[in-house]
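Fold and contact review
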Amino acid sequence: MSGQDPSLRELLSRAVPGSGEDLAGRVDLVGAGPGDPGLLTLHAVAALQRAEVVLHDRLIPQEVLDLAKPDAERVYVGKARARHHYKQEELNALMVARAREGHYVVRLKGGDPFVFGRGGEEAEALAAEGIPVRIIPGITAAGGCAAYAGIPLTHRDHAYRCQFVTAHRRNGGTELDWAALVQPQQTVVVYMGLHGLDKVCTEMVEAGAPSAMPAALVERGTLAAQRVVTGTLGDLPGRVAGLEIQSPALLIVGEVVRLRQAAGCEPVAGEGEADAGA
Ligand SMILES: C[S@@+](CC[C@H](N)C(=O)[O-])C[C@H]1O[C@@H](n2cnc3c(N)ncnc32)[C@H](O)[C@@H]1O
């Protein structure tokens, strides 16, 4: 990064990992944010620039991987739905092996490593093998998608609470605490809910949410291809049908969705957005 603004260079030199730090044999679990490279933290950039091995998820853009040194080993360890490239145990073993070889390993994860990202499990596995591990947080999909879609997750008049839930449980189940999800004055963000969208919307209505409750599906949030489909619990599945929405997608449910236009927020990523909603 020659020719860089000196104050930016200075900030990067003070980022974690520090420029004088001995990184041999350590693993950092680094959050890459939800997609837009502009959402990387300086710590994440510094870690990538110094990495000797980068083990990355599916949704990490090439420009982000290009921040690593040309000779850094890059391994795609992501998981497409129902098509696991690496089992979790294999990935853990690979991190341990590369660290034991004396490399500085960056495990680059979408969003934040500790939010539905198995970061806790990976940190436990590394610690159990005596490998030093640090967590570099990232912007969550919830934060990034909501901001780029112009939906405030909380609002003093509409939501004093926000719940993040996953529709995909370890055992493959999709049972959630529906009664907790339909409390008034809250926002619910459902991760990994694309394939269970129908079920989530139906169960929420059956548990007592108004079928007119606003809901939005954000596809490929923060990326140029972002699409936002808005509707209600009652009609969102029908609106989404036929649009060939791709993963990753995030469901946001709550009165705050109505504020999307009212808040007048412009999407940062802009051009690719096709608002398919009402
Ligand atoms: C395994 S979780 C990872 C979550 C991540 N660690 C975080 O902090 O946001 C993957 C799910 O996050 C959501 N997601 C991640 N990136 C997204 C994006 N750019 N747009 C929409 N949803 C996204 C989707 O629900 C996807 O199925």
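Computed from a prediction, not measured in an experiment: that's the story for all the values here. (Residues numbered from 1 in each chain as written. Predicted model: local features only at pLDDT ≥ 70, side-chain atom pairs only at ≥ 80, totals over all residues. Heavy atoms only, no water.)

1. Overview of the side chain of Arg26
Relative to the helices and strands, Arg26 is located in the loop between α1 (6–13) and β1 (27–31). With relative accessibility at 15%, the residue Arg26 sits in the buried group. There is a polar contact of 3.5 Å between the side chain of Arg26 and the side chain of Asp28. Residue contacts for Arg26: discarding those within four places in its chain leaves Glu21, His103, Tyr104, Val105, Pro132, Val133 and Arg134. (Helix = DSSP H or I, 4+ residues; strand = E, 2+ residues; numbered from the N terminus. Buried < 20%, exposed > 50% of the residue type's maximum accessible area, 1.4 Å probe, protein only. Polar contact = N/O pair within 3.5 Å; in protein donor to acceptor, adjacent residues only side chain to side chain. Contact = heavy atoms within 4.5 Å.)

2. Details of the confidence of the model for the protein chain
Summarising the model, the protein chain shows a mean pLDDT of 90, and 89% of its residues fall at 70 or more. Across residues 270–274, confidence stays below pLDDT 50; counting only partners more than four residues off in sequence or on other chains, it has 13 contacts. (pLDDT = per-residue confidence, 0-100.)

3. Brief notes about the pattern of salt bridges
A complete count under the given rule lists 17 salt bridges for this structure. Across the pair Arg107 and Glu122 runs a salt bridge whose closest N-O atoms are separated by 3.0 Å. Taken together, the positions of Arg107 in strand β6 (residues 105–109) and Glu122 in helix α5 (residues 119–128) put the pair 15 residues apart, joining distant regions of the chain. One exposure class covers both Arg107 and Glu122, and it is buried. Through salt bridges with shared partners, a single ionic network connects Glu21, Arg26, Asp28 and Arg134. (Salt bridge = Lys/Arg side-chain N within 4 Å of Asp/Glu carboxyl O.)

4. Some words on the site of the ligand
Inspection of the region around the ligand gives 17 residues, with Asp112, Val115, Ala141, Met192 and Ala249 positioned closest. At 2.7 Å, a backbone N or O of Asp112 approaches an oxygen atom of the ligand. Ala141 is positioned such that a nitrogen or oxygen atom in its backbone is 2.7 Å from an oxygen atom of the ligand. Protein contacts shield 86% of the accessible area of the ligand, which totals 580 Å² for the unbound molecule. Elements with a minimum of two residues in the shell around the ligand: α6 (141–149) and β12 (249–253). For the shell around the ligand, the per-class residue count stands at 11 nonpolar, 4 polar and 2 charged. Split by domain, the residues of the shell around the ligand number at least three in each of domain 1 (6–136) and domain 2 (141–275). (Near = heavy atom within 4 Å. Areas by Shrake-Rupley, 256 points an atom, 1.4 Å probe, with all protein chains shown as cover. Nonpolar A, V, L, I, M, F, W, Y, C, P; charged D, E, K, R; others polar. Domains from an automatic or database assignment.)

5. As for unusual backbone geometry
Glycine aside, residues mostly have negative phi angles, and peptide bonds mostly take the trans form. Omega for the peptide link from Val16 to Pro17 comes to 5°, which places this bond in the cis form. Among the structural elements, Pro17 can be located in the loop between α1 and β1. The omega angle of the peptide bond from Ser247 to Pro248 is 5°, so this bond is cis rather than trans. Mapped onto the elements of the fold, Pro248 is located in the loop between α9 (236–240) and β12. Unlike most non-glycine residues, Gln185 shows phi in positive territory, near 60°. You can see Gln185 is positioned in the loop between α7 (178–181) and β9 (186–191). A positive phi angle is found at Thr222, which is not glycine, with a value near 75°. Mapped onto the fold, Thr222 is located in the loop between β10 (214–219) and β11 (227–232).

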